[in-house]
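# Structural features, examined
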Number of protein chains: 4
Amino acid sequence: MSLAEGQREGYVPEFNVRTDLALEAREIVQERTAEEMPGVAVEQTREDGVTIHLVKVETREAAQRLGKAPGNYLTLEAPGLRQKDTDLQDRLTDILARELIKFLPLPDKLEESVLIVGLGNWNVTPDALGPKVVGDLLVTRHLKLMKHQAFQEGYRSTCALAPGVLGITGIETSEIVRALVQQVKPSLVIAIDALAAHRLERLHTTIQVADAGVNPGSGVGNNRVGINKETVGVPVVAIGVPTVVEASTIAGDTMDALVQAFKKQSRAPELVIGMEGQSWEERQMLVKSVLEPFVGRLMVTPKEIDTFIDDISLVIAAALNTALHPKVRSSEGGKYLQ
Amino acid sequence: MSLAEGQREGYVPEFNVRTDLALEAREIVQERTAEEMPGVAVEQTREDGVTIHLVKVETREAAQRLGKAPGNYLTLEAPGLRQKDTDLQDRLTDILARELIKFLPLPDKLEESVLIVGLGNWNVTPDALGPKVVGDLLVTRHLKLMKHQAFQEGYRSTCALAPGVLGITGIETSEIVRALVQQVKPSLVIAIDALAAHRLERLHTTIQVADAGVNPGSGVGNNRVGINKETVGVPVVAIGVPTVVEASTIAGDTMDALVQAFKKQSRAPELVIGMEGQSWEERQMLVKSVLEPFVGRLMVTPKEIDTFIDDISLVIAAALNTALHPKVRSSEGGKYLQ
Amino acid sequence: MSLAEGQREGYVPEFNVRTDLALEAREIVQERTAEEMPGVAVEQTREDGVTIHLVKVETREAAQRLGKAPGNYLTLEAPGLRQKDTDLQDRLTDILARELIKFLPLPDKLEESVLIVGLGNWNVTPDALGPKVVGDLLVTRHLKLMKHQAFQEGYRSTCALAPGVLGITGIETSEIVRALVQQVKPSLVIAIDALAAHRLERLHTTIQVADAGVNPGSGVGNNRVGINKETVGVPVVAIGVPTVVEASTIAGDTMDALVQAFKKQSRAPELVIGMEGQSWEERQMLVKSVLEPFVGRLMVTPKEIDTFIDDISLVIAAALNTALHPKVRSSEGGKYLQ
Amino acid sequence: MSLAEGQREGYVPEFNVRTDLALEAREIVQERTAEEMPGVAVEQTREDGVTIHLVKVETREAAQRLGKAPGNYLTLEAPGLRQKDTDLQDRLTDILARELIKFLPLPDKLEESVLIVGLGNWNVTPDALGPKVVGDLLVTRHLKLMKHQAFQEGYRSTCALAPGVLGITGIETSEIVRALVQQVKPSLVIAIDALAAHRLERLHTTIQVADAGVNPGSGVGNNRVGINKETVGVPVVAIGVPTVVEASTIAGDTMDALVQAFKKQSRAPELVIGMEGQSWEERQMLVKSVLEPFVGRLMVTPKEIDTFIDDISLVIAAALNTALHPKVRSSEGGKYLQ
């Protein structure tokens, strides 16, 4: 998420709502327009405390309305994770591994490399997801190149980097990834990143897998380059978990809640009309006045964030190890893997 | 602040505003009642980009209105810190050292110990202030007891602990401090803690020194024990820096800003009346609905929090080393120390 | 081990050999005297790649020869751990849990507390074992005191602290533990610590559980106070893993190896005689000359130490969680637990 | 040093002595051959507790005997650093900055980038030097590219990366650096690395700056690629600090000390003859027998390593910031900079 820089926007432009989740972007458009949105297909299944959504953004027009690149967005929701539930963590790991095996465009040959990039800043708790996952991965490229006996069969060639954020490196992460891709020539890049959600209940309970890669918003002033097939030259799948909500979301939601409350009570009809007629600029001015001097660079996180991040990092790392290496897969044999 | 537990309330009860700063609590009462508050004396001086406030809470009644224990609250504000200004950091260090020398009830004999306790959780960036300061302190008690040549003269006996939070230890921090005080018998305890502010502009730019120790709020459900002379048996001075604003503050501020905006434009007079007549319970219900499922356990932090915390920790540790040890003082000789 | 201080001696005095393992101390005495040592009983069993030794130091005389307090020393050896073997880690966890259930003097009532203390310094990789284990423990004392529904049955009251080393706190760890014991009144203290071994092959592959607590050597100049029933007032069980070998051990071993080599080849008979007749003081002078300017404060560690420490910390934490809490035990049901 | 991998050999081949310092390599050759070594020029100056050596390896033959690539090796020795001396640290910082300004082939234009690479593993204390230095650098490339007002004048374009070691990334660090050089096109690479010394007294008190870059030894089995002008395409200056001695050095030194001791006492003349006639293979076998099962992967470090590493990292980072950015230089104005 490169929290330290605050530029991976991910806005639903129509309603000026900040979210990196395609699922939420669609929810917001549907709720606020109260009609089915064209160009987006959705499938949903449920099993054992986990809801699996597949959102397909099929047209460029839909992509623009959602503020999300065209592509497939797989989302796993497990609200129970907020209550330290180790059984649910194990189940989610198995389900994510199974879905990744189907979703990732893995090369047939185990000798073709997969490069996993952990985005974000390990010194800022909510932004440390990527570096933490990278720290728990089984990395084999060097062992396979050195002809290490134990890793010739059953293990895919994997390599990884957690480069840190622009403020520490002075180099755009997309530049670093492009450089590495040209050197290492992987068949696939997997980018792990902390995300921003719109709804608080999605924090630390939701995993999004996107075959469009990492695509910063196209809003004014956003010149950050994405990490995707266009910019790095090979397919990029992004895996992300919302770990923050922007403070401006809280401010906006408060205004909406106020209007709803007054509406319900048929109180202050002028307000309701006034607010509903309020221009985007007026709203922004209000939010800005509340959040000064930090507008756009404030994040909201739960206080238990450290254990949430540790737990979900382990889920993603274990699922990736299982999905990428056939030998890990066979030695686990969990029932959710079939 | 024991962020992970969310119970060090520090509310201004009258207006249900969350702040650990006495300075802000008084500001809020004065602003909202539009009259001078009795029982509180305030002095203010300014030098080189730093404003020094001394708030004296003199009566029990004032203490109750402010939600702050009776005592003296020294506050240093240096808004320039947000722009990485190393000269200002050096000046602030010198000024804080000078003020601490005046403020701390230091024993005359260097052999009497001072115990510094770093509160908070080193795994959560905004709560790591206390442990970070402790890591940068000059600790001498063992060297003086061992009759180490170099530390006999010019160095006070200092010892320190960063015990971690209740969720990790299972023991109230006040219990740990009381136990240590009985064992080590220091003449003074200094508790370092991350705080919550009401105003975003105070984040990472403000240092509060309080001779009343650490005193959690007295709200319903708050059974956390304070760290103060009553609970641990010796004077406790608390040094804190606001590193978070509660998310409910953002929500409340948004409602207020909305009312002000409509008032100014003479729009929606019913709203203005409605909101101003809105009961505390109604407001709380609204805020709660916005912040679910995390009410009261959400914090707002700027994205650059890691460097802010590192910088201000160094300021406090260096000022403490200077204030506590005459030898460090003489070797520095900064002009702000006179 | 309080590596930063270098005073937990643990020498076999007769042969001036540094080891914290009772098993090794006995080996050394038996090997070098070539006769059975009185006052020490030993049992040994083997299962699935793990050797379990029980060394009982039964007389004061034996204790003095071994440089180990009288008591029972349970040692688990799993040399396979050096080859990242996750199956073996799981087995070792189960076996350790089972043995701890038998070995620990656990109170019958789950309401009586157990205090776990992680000794050592989290900033020095080989000394970070204790703090790391504490970070992975299930701590419940506060939840039970708060009458948290989920923790009333099946969970023992546990609390924990990783106080850091003398150089950071200025307070002897034994003082901190004694203070906490008086405050919290646990029925049992478990102290986790990194140890020094004599033989390199024991690094990171061996776990010692000792019912005598932590007992620094009684050599000249060692005034460190132990953490045991005498000093803290309740039974103390120490759990340790050798993570370093002292550099002086390497120097001493080299001299011995040289003598053996020449002996075997019937070369330099004068050397063999000379060395075997060499006084303790002569040997020490030689070792000292090699290790200057760091004598006695140098440690030898394998380069892969970070992953070794992570792995064995998890083994100990998981085994403790299982041994201490009946509910964790029943939900695991591993075959090694019966 | 990539400690985790143990392959950056740096041996003086003739005497099988492990050191990464050119200064020590020359010392060893001179001492053991007792004659002046051709092809190496040495200059030495002394000021205020710091000795500055310049070793010029001028011929290929000398390079081979020393196990060091041809080039200039600047070495600063400050033995006083072992006694926490902050004045000496400040002086050393100023002297290093001044020497770097003379030594580094800095481009005239501040717009040409310098890439600083922190080698090593932040999870292993003695190998964390590189990552720690990178964390304290002033990085400006992105600010200059974004036309940030404050960084247009007086600041050089700097960027940095701490990629981690082969075992974590699966990619040779030289590959990562080459890839970045092709992308970022810096005029100079500075590689920061932890080194191995031969003499314990050099640990943490010595800084080597080498214009030949990072050049692993050419011993059998060493296929690690260097980081130098040949492999990455632009000049590479390496800055290193010895943080470990190999355990085999301790073993070898012990044998030598034994021989010297017997020689002095005219004891065991057969030993002296035997040892001096001992073949390299015999010695190696002995050392190997002592260090099993870890031969070649054991390191010796002082117990206070964490504070040593912190202190010397700050010295290097501060000196680099001063040397690279004219504006930092002018604002310091220390007398050692003239």
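This one's a predicted model, so the numbers in the text were calculated from it and none came from an experiment. (Residues numbered from 1 in each chain as written. Chains lettered and ligands numbered in written order. Predicted model: local features only at pLDDT ≥ 70, side-chain atom pairs only at ≥ 80, totals over all residues. Heavy atoms only, no water.)

## Here's the deal with the overall build of chain A
- In terms of helices and strands, chain A carries 13 helices and 11 strands.
- When the accessible area of chain A is evaluated, it comes to approximately 12,900 Å², of which 49% is carbon and sulfur surface. (Helix = DSSP H or I, 4+ residues; strand = E, 2+ residues; numbered from the N terminus. Areas by Shrake-Rupley, 256 points an atom, 1.4 Å probe, with all protein chains shown as cover.)

## Regarding the packing of helix α3 (residues 86–103) of chain D against helix α12 (residues 305–324) of chain D
Residues and elements named next belong to chain D.
- Direction vectors running N to C along α3 and α12 enclose 40 degrees, while the axes themselves pass 8 Å from each other. In terms of orientation, α3 and α12 fall into the oblique class. Crossing geometry of α3 relative to α12 is assigned as right-handed. Here Gln89, Leu92, Thr93, Leu96, Ala97, Leu100 and Ile101 of α3 come into contact with α12, specifically with Asp311, Val315, Ile316, Ala318, Ala319, Leu320, Thr322 and Ala323.
- Here the contact of α3 with α12 is composed, by residue class, of 11 nonpolar, three polar and one charged. (Axes fitted to C-alpha atoms, helices over the stretch in contact; angles between N-to-C directions. Parallel < 35°, antiparallel > 145°, perpendicular 65-115°, else oblique. Left-handed = near helix turned anticlockwise from the far one by under 90°. Contact = heavy atoms within 4.5 Å. Nonpolar A, V, L, I, M, F, W, Y, C, P; charged D, E, K, R; others polar.)

## Quick notes on the pattern of salt bridges
- Counted according to the given criterion, the structure contains 70 salt bridges over all chains.
- Where Lys303(A) meets Glu246(B), a salt bridge forms, and the shortest distance between an N and an O atom there is 2.8 Å. In this pair, Lys303(A) sits in the loop between β11 (298–302) and α12 (305–324) while Glu246(B) sits in strand β10 (residues 236–246), so the two residues belong to two different chains. With respect to class, Lys303(A) is no different from Glu246(B); both count as buried.
- Taking the shortest distance from any N to any O, the salt bridge between Arg98(C) and Glu47(C) comes out at 2.6 Å. Of this pair, Arg98(C) sits in helix α3 (residues 86–103) while Glu47(C) is found in strand β3 (residues 40–47), placing the two residues 51 residues apart along the sequence.
- Overlapping salt bridges bring together Glu24(A), Glu27(A), Glu77(A), Arg199(A), Glu201(A) and Arg202(A) as one network. (Salt bridge = Lys/Arg side-chain N within 4 Å of Asp/Glu carboxyl O. Buried < 20%, exposed > 50% of the residue type's maximum accessible area, 1.4 Å probe, protein only.)

## Brief notes about helix α1 (residues 22–33) of chain A
Residues and elements named next belong to chain A.
- With 12 residues, α1 should reach 16 Å at 1.5 Å per residue; the first-to-last C-alpha distance of 17 Å fits that figure.
- Counted residue by residue, α1 has nine buried out of 12 residues, so it is predominantly covered.
- Listed as buried for α1 are Ala22, Leu23, Glu24, Ala25, Arg26, Glu27, Ile28, Val29 and Gln30.
- In the segment just after α1, Ala34 is the residue with positive phi, at about 55 degrees. (Expected span 1.5 Å × (residues − 1).)

## Observations concerning helix α3 (residues 86–103) of chain A
- Between its first and last C-alpha, α3(A) extends 25 Å over 18 residues, near the 26 Å set by a 1.5 Å rise per residue.
- The residue sitting at the N-terminus of α3(A) and contributing the capping side-chain oxygen is Asp85(A); that oxygen lies 3.1 Å from the backbone nitrogen of Asp87(A). (Polar contact = N/O pair within 3.5 Å; in protein donor to acceptor, adjacent residues only side chain to side chain.)

## Quick word on the pairing of strand β3 (residues 40–47) of chain B
All names here are of chain B.
- The sheet contact formed by β3 and strand β4 (residues 50–57) spans eight bridges and is antiparallel. By the bridge assignment for β4, Gln44 is matched with His53.
- What sits between β3 and β4 in their antiparallel hairpin is a turn of two residues, with Asp48 showing a positive phi close to 45 degrees. (Pairing = 2+ DSSP bridges.)

## With respect to the pairing of strand β6 (residues 114–118) of chain B
All names here are of chain B.
- For β6, a buried count of five out of five residues is recorded, marking the element as mostly surrounded by other parts of the structure.
- Burial along β6 is two-sided: the residues Val114, Ile116 and Gly118 and Leu115 and Val117 are all buried.
- In this structure, β6 lies alongside strand β7 (residues 158–161), joined through four bridges in parallel fashion. Bridge pairing in β7 places Leu115 opposite Cys159.
- Two strands pair when backbone bridges link them, and β6 and strand β8 (residues 188–197) are joined in this way by five bridges, in the parallel orientation. Counted as the bridge partner of Val117 is Ala191 from β8.

## Re the packing of aromatic side chains
- One pass over the structure, following the stated rule, counts six aromatic pairs over all chains.
- Centroid distance Trp122(A) to Trp122(D): 5.2 Å. Interplanar angle 20 degrees. Geometry classified as stacked. Remark: Trp122(D) occurs in the loop between β6 (114–118) and α4 (129–135) and Trp122(A) occurs in the loop between β6 (114–118) and α4 (129–135); the pair is interchain, linking two chains.
- When the centroid spacing of 4.9 Å and the interplanar angle of 55 degrees are considered together, the rings of Phe151(C) and Tyr155(C) count as tilted.
- Above the plane of the ring of Tyr11(D) lies Arg18(D), whose end atom (NZ or CZ) is 6.0 Å from the centre. (Phe/Tyr/Trp six-rings, centres within 6.5 Å; stacked < 30°, edge-to-face > 60°. Lys NZ or Arg CZ within 6 Å of the ring centre and 35° of its normal.)

## Structural notes on the side chain of Asn321(A)
All names here are of chain A.
- Following the sequence through the fold, Asn321 ends up in helix α12.
- Within polar-contact distance, the side chain of Asn321 engages the backbone oxygen of Asp136 at 3.3 Å.
- Residue contacts for Asn321: discarding those within four places in its chain leaves Asp136, Leu137, Leu138 and Val328.

## Describing unusual backbone geometry
- Omega for the bond connecting Glu292(B) with Pro293(B) falls within 30 degrees of zero, at 0 degrees, which places this linkage in the cis form.
- Mapped onto the elements, Pro293(B) comes out in the loop between α11 (280–291) and β11 (298–302).
- Located in the positive-phi region is Ala34(D), a residue other than glycine, with phi close to 55 degrees.
- For Ala34(D), the position within the fold is in the loop between α1 (22–33) and β3 (40–47).
- A residue is classified by how much of its surface remains accessible, and Ala34(D), at 68% relative accessible area, is exposed.

## Quick word on the confidence of the model for chain A
Residue and element names in this part refer to chain A.
- Of all residues in chain A, 89% have pLDDT values of 70 or greater, and the mean over the chain is 87.
- A low-confidence stretch, residues 1–8 stays under pLDDT 50, and its non-local contacts, those more than four residues away or across chains, total 39 contacts.
- Throughout residues 218–223 the model reports pLDDT below 50, and contacts reaching past four residues in sequence, or to other chains, amount to six contacts.
- For this predicted complex, the interface confidence reaches an ipTM of 0.89, while the overall pTM sits at 0.90. (pLDDT = per-residue confidence, 0-100.)

## Quick look at the environment of Gly39(D)
All names here are of chain D.
- Inspection of the secondary structure assignment puts Gly39 in the loop between α1 and β3.
- Separated by 20 residues in sequence, Gly39 and Thr59 place their C-alpha atoms 5.2 Å apart.
- Excluding residues that lie within four positions of it along the chain, Gly39 makes contacts with Lys56, Val57, Glu58, Thr59 and Ala62.

## Re the environment of Tyr155(D)
All names here are of chain D.
- Its location among the elements puts Tyr155 in the loop between α5 (141–145) and β7 (158–161).
- Separated by 103 residues in sequence, Tyr155 and Leu258 have C-alpha atoms that sit 56 Å apart.
- Dropping the residues within four chain positions of it, Tyr155 is found in contact with Leu110, Leu138, Thr140, Lys144, Ala150, His325, Lys327 and Val328.

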